[in-house]
Amino acid sequence: MWQRQRLIFAIVIISFCHNLAEAYRIFSINSSPSRSHVIVQEALAKELARRGHHVTMVTPFSTAPTLENYREITVPISDEGTSKNCMMTRFVNDQSFWTALKNFPAMSAVFNNAVNDTLNHPTVKRILNEEKFDLIIAPVMVDFILGLTQLLDAPAVVVCPNSVFGYINDLVGNPSPIATVPSIMMGLSSPMKFTDRVFNLAGWVLETTIGWYITRSSEPYYYSNFPSDKFHPYDAARKNVSLLLVNQHFSKASPRPYVPAVVEVGGLQVKSKPDPLPNDLQEWMDGAEHGVIFFSLGTNIKSSSLPQETLDAVLNTLKKLKQRVIWKWDSHDMPNKPSNVLLRKWLPQDDILAHKNVRLFITHGGLGGVAEAQYHGIPMVGIPFFGDQRGNLLQVKKAGWAVMLEFADLTEQTFTEAIKEVLENSSYTSMVKKLSVLYRDRPMTAMDTAVFWTEYVIRHKGARHMRYSGMDLNFFQLNLLDVWAALGAIVLVIYVAVRIFKFSCRRKRRLKVKRR
């Protein structure tokens, strides 16, 4: 009996020591003013903590976590960063392409300044100077943060909350053939016709230009935080990425090639088991005899900034519906609020979409919301504003489970027609239910996949064997321009030699003729 107890005790001790050996120290940082971008990375960080790793999460948004191994450092966005809200108001009033381009430099500056302020926050600086970490988890939009890989002597995993585009592909050398991979700027899908490929080329040029601007505007911030006399050059640091986790899945986008360092984890923030809803929200949804419509324009657009004419059109439509409506509304009250509308400043979107009574999701078309809607099988009415939203909605519209309505065309009539089309035409719900099955059918969940590859990178000290060799080639080498130039030179030399030889032979023949 005593021997058996000793054996059990030994097994417990060995198991405990094994768990300790597998517990890593992880530094996750995301200073994006866009909360939807932080949510995806935050979900991974918290799950890593649940699995025994010691995680430090630096974020602008406090979530009051209760996880034992999870330390949250909240660094609020500065007053300058809140100017983003003004830009979002501009997008509400003008969704033109030129408005988006004109505002992009200011948006980029907001992101850069937010990360710079965070890196120089006293608490963050102390942690970075005094503590050791096995891994860095970083966002995509501000790559000068990758100087931390040398400062902490740790590999980096980058979490991309959206589809990959040129600037992000460059981090790991991921190929993006223009003829087959639709640009997220254009809203195209494969296979592409000739005219589609023409537009896709324009999208590639635009992505390349935006990527160039992002890197060049980030470079001064890099050398400010990571001086050139102590750290690697900026271009080298931004390519020091071991793994890129992309919040995308081939079942809801055009299939495309990836290098080993890119892993699709579409729906990373979606919970396999929804969290309980607040009691009042649960009761409101449970008591919806005709179902619930969830209305959210995301974390960037303020619904209260809608033009009064548009707001009136929306309210007049909603009050005529027999369904109950849950609306993410950013102020305390709403004038002339219909009795069937419930307002909240912040809502657990994934948990709401998982409720059995939800019939429709009215959304701006952010990739996170689209992923959650597909996972839970909820059809959509989409109203895009900027970025990849139009492209996302064009794809799901083409797939047959959404109606897209341009904001400039939003009136009481068009909004009513769009909602009725989705609610009364069962094909939308039927299609998204089928696609939900495809989206869920994976060997591992998105979170299990992300955790496995994150731990894999740590176990293998950055997993350099996954690095694509094209990362170390310049433009001329990668496109074989140097090889073609060499071959051309050889052909030219041979051609010249042949011409000289022929000329020489003709000249000899002429000399012989003259001697005769």
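Please read these numbers as outputs of a predicted model, since none were measured by experiment. (Residues numbered from 1 in each chain as written. Predicted model: local features only at pLDDT ≥ 70, side-chain atom pairs only at ≥ 80, totals over all residues. Heavy atoms only, no water.)

Turning to the environment of Gln323, a few remarks are in order. Locating Gln323 in the fold gives a position in the loop between α11 (308-318) and β9 (324-328). Take Gln323: its relative accessible area is 8%, and that puts it in the buried class. In this structure, the C-alpha to C-alpha distance between Gln323 and His290, residues 33 residues apart in sequence, is 5.1 Å. Apart from the residues within four sequence positions on either side, Gln323 is in contact with His290, Gly291, Ile293, Asn340 and Leu423. (Helix = DSSP H or I, 4+ residues; strand = E, 2+ residues; numbered from the N terminus. Buried < 20%, exposed > 50% of the residue type's maximum accessible area, 1.4 Å probe, protein only. Contact = heavy atoms within 4.5 Å.)

Read from one edge to the other, the open sheet built from seven strands follows the order β3-β2-β1-β4-β5-β6-β7, with strand pairing classed as parallel. At either end of the open sheet lies a strand with only one pairing partner, and these are β3 (70-74) and β7 (262-264). Strand-to-strand twist of the sheet, defined as the mean angle between neighbouring strand axes without regard to direction, takes the value 20°. Pairing geometry for strand β4 (residues 135-138) and strand β5 (residues 156-160), over three bridges, is parallel. In the sheet register, Ala138 faces β5, and the bridge partner there is Val158. The strands that helix α17 (residues 446-459) touches are β1 (25-29), β4, β5, β6 (243-246) and β7; relative to β6, the one it contacts most, it runs at about 170°. (Pairing = 2+ DSSP bridges. Axes fitted to C-alpha atoms, helices over the stretch in contact; angles between N-to-C directions.)

The phi torsion at Asp153 lies on the positive side, around 50°, for a residue other than glycine. Here Asp153 shows up in the loop between α6 (148-151) and β5. Residues other than glycine seldom take positive phi values, yet Lys461 does so here, at roughly 50°. Looking at where Lys461 falls in the secondary structure, it is placed in the loop between α17 and α18 (475-478). Residue class for Lys461 comes out exposed when judged on its relative accessible area of 71%.

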